Amino acid sequence: MVQIAIDGHSSCGKSTLARALAQELAFIYIDSGAMYRAVTLFFLENNVDFFNHHQIQEYLAKTEVDFVLAPSGNRTLLNGRDVEERIREMEIAARVSPVATIPEVRRKMVQRQRELAQNQGVVMDGRDIGTVVFPHAELKIFLTATVERRVERRQLQLLKLGMVVDYEEILHNLYERDYIDSTRSDSPLMKAPDAIVIDNSNLSPEEQLAIGVLLASSRMKII
Ligand code: CDP
């Protein structure tokens, strides 16, 4: 089954491209970042000590992450509870990257990501999709954009969810997450050698989709 991997830094439009590309190709879309955000929420709700491996294992065993497709789009379920809006809050954004460095967490999420993608065409976005989750993906895209564009986009996205967050706070969060994600020892964010880099700073969602569709069709000859 065809796999398309989209990786890149925080808030550079990966999910916008991945969602639209999946729709265009009639593939499923999996937002791997939502899964790390959901685990983070569960750990925070249960006061899990991020350095206590025994506790981490205990609570990971009780963590089930799923997705359902609603008319409003993909919804993330944590143990059956819809947490789609909650996981987008800054409180989660501020804590997710340390949680995503924990090897036990990554092992469980990667296993779940592969399971969810079984037997169907998939577009998945994240940090380690082309390098670790699907190293043999038919198409790998590494998305990038200027930091200013990334902050503006995240600010707008949060505003649409009714959250007013100032530029500096978002900027700080993006830098911090990019740093932790790129320097962790377990599956750090990096471009796969065979990934195609797209800088979408000056591309509209439609333009970046058109490029994605073109690349997908040339790689797969399925359209
Ligand atoms: O939407 P945004 O790009 O800001 O982040 P996200 O995709 O929701 O991912 C949230 C966080 O989860 C990232 O900053 C990483 O720390 C972690 N993550 C990861 O480690 N591996 C992935 N495959 C996806 C996300």
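Bear in mind the structure is a predicted one, so any value in this text is a computation, not a measurement.

**Student:** Please clarify how the packing of helix α2 (residues 32-45) against helix α4 (residues 90-100) should be interpreted in this entry.
**Tutor:** Between two packed helices, the angle of one axis relative to the other and the distance separating the axes together describe the packing. Contact pair α2 / α4: the axes reach a minimum separation of 8 Å and the direction vectors enclose 100°. If you check the angle between α2 and α4, you find them roughly perpendicular. In contact with Tyr-36, Arg-37, Val-39, Thr-40, Leu-41, Phe-43 and Leu-44 of α2, α4 contributes Glu-91, Ile-92, Ala-93, Arg-95, Val-96, Val-99 and Ala-100. Considered class by class, the residues forming the contact of α2 with α4 number 10 nonpolar, one polar and three charged.

**Student:** I'm lost on the layout of surface pockets in this one. Help?
**Tutor:** A probe matching the size of a water molecule, rolled over the atoms, marks out where space remains unfilled. Approximately 350 Å³ is the volume attributed to the second largest pocket. Along the walls of the second largest pocket sit 15 residues, with Phe-27, Ile-28, Tyr-29, Leu-69 and Asn-74 positioned nearest its centre. Elements with a minimum of two residues in the lining of the second largest pocket: α1 (14-25), β2 (28-31), β3 (65-70) and β4 (73-78). Among the elements that take part in the lining of the second largest pocket, β3 stands out by supplying four residues, more than any other. By residue class, the composition of the lining of the second largest pocket is nine nonpolar, four polar and two charged.

**Student:** Could you clarify how one ought to interpret the nonpolar core in this entry?
**Tutor:** Soluble globular proteins tend to pack their nonpolar side chains together in the buried interior. Membership of the largest hydrophobic core comes to 37 residues, with the highest contact counts inside it found for Ile-30, Phe-43, Val-105, Met-124 and Phe-134. Sorting the residues of this core by element identifies α2, α3 (53-60), β3, α4, α5 (103-116), β6 (122-126) and α6 (129-133) as the ones contributing at least two each. For this core, the leading source of residues is α2, giving nine residues.

**Student:** I'm lost on the site of the ligand in this one. Help?
**Tutor:** Neighbouring the ligand are 19 residues; Arg-37, Arg-106, Asp-128, Asp-181 and Arg-184 lie closest to it. Between a nitrogen atom of the ligand and a side-chain N or O atom of Ser-32, the distance comes to 3.0 Å. One of the side-chain nitrogen or oxygen atoms of Ser-97 is found 2.9 Å away from an oxygen atom of the ligand. Considering the ligand on its own, with 530 Å² of exposed area, one finds that the protein chains cover 97% of that surface. The set of elements that each furnish at least two residues to the shell around the ligand consists of α2, α4 and α8 (167-183). The leading source of residues in the shell around the ligand is α2, at four residues. When the residues that make up the shell around the ligand are grouped by side-chain class, the tally is four nonpolar, six polar and nine charged.

**Student:** Teacher, can you tell me more about a nonpolar patch on the surface here?
**Tutor:** On the surface, a nonpolar cluster with roughly 320 Å² of combined accessible area is contributed by Leu-156, Leu-159 and Val-164. Note on placement: Val-164 falls in the loop between α7 (147-160) and α8.

**Student:** What should I look at first to understand the packing of aromatic side chains in this one?
**Tutor:** Each aromatic ring pair is described using two quantities: the centre-to-centre distance and the angle formed by the ring planes. Throughout the structure, instances matching the rule amount to two aromatic pairs. For the pair Phe-43 and Phe-50, a centre-to-centre distance of 6.4 Å together with 45° between the ring planes defines the contact as tilted. Neither Phe-43 nor Phe-50 differs from the other in exposure class; each is buried. Cation over ring: Lys-62 sits above Tyr-59, and NZ or CZ is 4.2 Å from the ring centre.

About the criteria used
- Residues numbered from 1 in each chain as written.
- Predicted model: local features only at pLDDT ≥ 70, side-chain atom pairs only at ≥ 80, totals over all residues.
- Heavy atoms only, no water.
- Axes fitted to C-alpha atoms, helices over the stretch in contact; angles between N-to-C directions.
- Helix = DSSP H or I, 4+ residues; strand = E, 2+ residues; numbered from the N terminus.
- Parallel < 35°, antiparallel > 145°, perpendicular 65-115°, else oblique.
- Contact = heavy atoms within 4.5 Å.
- Nonpolar A, V, L, I, M, F, W, Y, C, P; charged D, E, K, R; others polar.
- 1 Å grid on protein atoms, 1.4 Å probe; cavity = no way out; pocket = protein on both sides within 12 Å on 5 of 7 lines; lining within 4 Å.
- Points joined across faces, edges and corners; volume = space filled by probe spheres on them.
- Core = buried A, V, L, I, M, F, W, Y, C linked by side-chain atoms within 4.5 Å.
- Buried < 20%, exposed > 50% of the residue type's maximum accessible area, 1.4 Å probe, protein only.
- Near = heavy atom within 4 Å.
- Polar contact = N/O pair within 3.5 Å; in protein donor to acceptor, adjacent residues only side chain to side chain.
- Areas by Shrake-Rupley, 256 points an atom, 1.4 Å probe, with all protein chains shown as cover.
- Patch = residues over 30% accessible without salt bridge, like charges linked within 9 Å, V, L, I, M, F, W, Y side chains within 5 Å.
- Salt bridge = Lys/Arg side-chain N within 4 Å of Asp/Glu carboxyl O.
- Phe/Tyr/Trp six-rings, centres within 6.5 Å; stacked < 30°, edge-to-face > 60°.
- Lys NZ or Arg CZ within 6 Å of the ring centre and 35° of its normal.

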